[in-house]
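Next come the chains, spelled out residue by residue.
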Amino acid sequence: MALLEVNNLNVYYPIRGGILGGIQGYVKAVDGVSFRIEEGETMGLVGESGSGKSTTGKAIIGLAKITGGQILFNKEDITEYIGKNHSPYRKSVQMIFQDSYSSLNPKKRVLDIIAEPLRNFEKLTNAEERKRVDELLDIVGLTPDTAVKYPHEFSGGQRQRIGIARAMALNPRLIIADEPVSALDLSVQAQVLNFMKDIQKRFKLTYLFISHDLGVVEHMCSTIAIMHKGRFVEAGKKENIYRDPKHIYTKRLIAAIPDINPRRREETQVFRDKIAEEYIQKYNEYYNANDQVYDLKKISDNHYVALP
Ligand SMILES: Nc1ncnc2c1ncn2[C@@H]1O[C@H](COP(=O)(O)OP(=O)(O)OP(=O)(O)O)[C@@H](O)[C@H]1O
Ligand SMILES: [Mg+2]
């Protein structure tokens, strides 16, 4: 069953200017995006900087105002409740961010950081709260003495675990992870990603996993959507996207994945140059006269491409 269904989502930001600061136009950060995520699955959202990935995530959790479209959670249309503070939906959906430094208040102890959502949504006694915080620390692999420390006393990977503990406090069903490991060293990235997979199984979590790194997405996701200019250029099962990319933008992203095998590096570079050339020559076949991405068309089961 689809836990989350997004239909024709638009998020437009007004561009103001002129002497009176009137609205001169709109940035279409998200422009007609539709997708669904099955319960327990991970969908990856990939694309270059500015393609609208974070805005999509923020719209789903109420941090960006929705201009148009509809969001269903557990089959229920919750579009108009998203911004409302105490709806049950606000407990069921949580977000974790790339930069755990700025998303964790540096002046607060870990205890207060993790307990914040509990204090907002649940009336627990001090003892109950402390018990729950210890449980959450245990889930993310940190010891109870962590609770009295401050964010700067931790490594980046540990801080990301604290962010995850906070996100888990209210037993969410969907977690939107916006570049959760992009700021971490490679070895620490792998630890955090594997840990996210473990808790996914244990708690039957559904993830919307946002990243510009196709390698990370391949490791984490079963379905993938590639975003460009606020729209999806290609979407489907991971295997279809990686083995048989159809849109020139997807091909270019995949060609840019670093090859760890040094013997293949030269070959990879030749391939990359070929795709770069094709991107320039065939660009007009993939974008309309207004330089916009076409609507998605189904080309096979679990594979959609934006073509004329
Ligand atoms: N609050 C805002 N006001 C105006 N424009 C915004 C706002 N937030 C985002 N935008 C614009 O919307 C577009 C999409 O931004 P978004 O942050 O969603 O991209 P992204 O894919 O997450 O990029 P990155 O990989 O750099 O995080 C960009 O052109 C951005 O400048
Ligand atoms: Mg972003």
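So, a few notes on the structure that sits alongside this text. (Residues numbered from 1 in each chain as written. Chains lettered and ligands numbered in written order. Predicted model: local features only at pLDDT ≥ 70, side-chain atom pairs only at ≥ 80, totals over all residues.)

### Observations regarding the overall build of the chain
Helices and strands together make up the secondary structure of the chain, namely 11 helices and 12 strands. Its C-alpha atoms give the chain principal-axis dimensions of about 65 × 55 × 45 Å. For the chain, buried positions account for 38% of its 308 residues. Restricting to contacts in the chain with at least 6 residues of sequence separation, those with at least 24 account for 65%. (Helix = DSSP H or I, 4+ residues; strand = E, 2+ residues; numbered from the N terminus. Buried ≥ 20, exposed ≤ 12 C-beta atoms within 10 Å, placed from the backbone. Contact = placed C-beta atoms within 7 Å.)

### What about the sheet that holds strand β9 (residues 223-228)?
Read across the sheet, 8 strands follow the order β6-β7-β8-β3-β9-β10-β12-β11 without closing on themselves; strand pairing throughout is mixed. Since the sheet does not close on itself, it has two edges, and those belong to β6 (93-96) and β11 (296-300), each with one partner. Sheet twist, expressed as the average angle between the axes of neighbouring strands with direction ignored, equals 20°. Packed on one face of the sheet, helix α1 (residues 53-61) meets β3 (42-46), β6, β7 (174-178), β8 (206-211) and β9 and runs near 150° to β7. Lying on the sheet, helix α10 (residues 248-255) is in contact with β3, β9 and β10 (231-237); it crosses β9 at an angle near 110°. (Pairing = 2+ DSSP bridges. Axes fitted to C-alpha atoms, helices over the stretch in contact; angles between N-to-C directions.)

### Describing the site of ligand 1
The local shell around ligand 1 consists of Tyr13, Val27, Ala29, Gly47, Ser49, Gly50, Ser51, Gly52, Lys53, Ser54, Thr55 and His212. Of all the elements in the fold, those that place two or more residues in the shell around ligand 1 are β2 (22-38) and α1. Take the shell around ligand 1: its biggest share by element is 3 residues, from α1. Tallied by class, the residues present in the shell around ligand 1 amount to 3 nonpolar, 8 polar and 1 charged. (Near = placed C-beta within 6 Å. Nonpolar A, V, L, I, M, F, W, Y, C, P; charged D, E, K, R; others polar.)

### So, the packing of helix α6 (residues 156-168) against helix α7 (residues 186-203)
Direction vectors running N to C along α6 and α7 enclose 25°, while the axes themselves pass 10 Å from each other. It follows from the interaxial angle that α6 and α7 lie roughly parallel. Where α6 crosses over α7, the handedness of that crossing is right-handed. Residues Gly156, Gly157 and Gln160 of α6 pack against Val188, Gln191 and Val192 of α7. (Parallel < 35°, antiparallel > 145°, perpendicular 65-115°, else oblique. Left-handed = near helix turned anticlockwise from the far one by under 90°.)

### Quick word on the packing of helix α4 (residues 110-121) against helix α5 (residues 126-139)
Close contact between α4 and α5 brings their axes to 10 Å; oriented N to C, the two are set at 110°. One finds that α4 runs roughly perpendicular with respect to α5. Seen along the crossing, α4 lies across α5 with a hand that is right-handed. Taken together, the residues of α5 that come into contact with α4 (itself represented by Leu111, Ile114, Ala115 and Leu118) are Glu129, Arg132, Val133 and Leu136. For the contact of α4 with α5, a count of residues per class yields 6 nonpolar, no polar and 2 charged.

### A few points about the environment of serine 49
Inspection of the secondary structure assignment puts serine 49 in the loop between β3 and α1. Taking the C-alpha atoms as reference, serine 49 lies 9.8 Å from lysine 229; in sequence the two are 180 residues apart.

### Comments concerning the nonpolar core
Counting 76 residues, the largest nonpolar core has Ile114, Leu208, Phe209, Ala225, Ile226 and Phe232 as its most contacted members. If we skip the residues at most four places from it in the chain, phenylalanine 209 touches Thr42, Met43, Gly44, Leu45, Ala177, Val217, Met220 and Cys221. (Core = buried A, V, L, I, M, F, W, Y, C linked by C-beta atoms within 7 Å.)

### What to know about α7
The terminal C-alpha atoms of α7, which comprises 18 residues, lie 26 Å apart, in line with the 26 Å expected from a rise of 1.5 Å per residue. Taken together, the buried positions of α7 are Gln189, Val192 and Met196. The buried residues of α7 all sit within an arc of 70° when viewed along its axis, so they share a single face. Opposite the buried face of α7, by more than 90 degrees, sit the exposed residues Ser187, Asn194, Asp198, Lys201 and Arg202. Where α7 is buried, its residues touch α6. Backbone geometry just downstream of α7 places lysine 204 in the positive-phi region, at approximately 55°. (Expected span 1.5 Å × (residues − 1). Arc of directions from axis to C-beta.)

### Some words on the sheet that holds strand β1 (residues 2-17)
Spatially, the 4 strands line up as an open sheet ordered β2-β1-β4-β5, and their pairing is antiparallel. Among the strands making up the open sheet, the edge pair consists of β2 and β5 (76-77). Across 2 bridges, strand β4 (residues 68-73) lies against β5 in antiparallel orientation. Within β5, the residue paired with phenylalanine 73 across the bridge is glutamate 76.

### A closer look at the environment of alanine 2
By the secondary structure assignment, alanine 2 is in strand β1. Each C-alpha atom, one on alanine 2 and one on glutamate 39, is 5.8 Å from the other, the two residues being 37 residues apart in sequence. Setting aside residues up to four positions removed in sequence, alanine 2 forms contacts with Arg36, Ile37 and Glu38.

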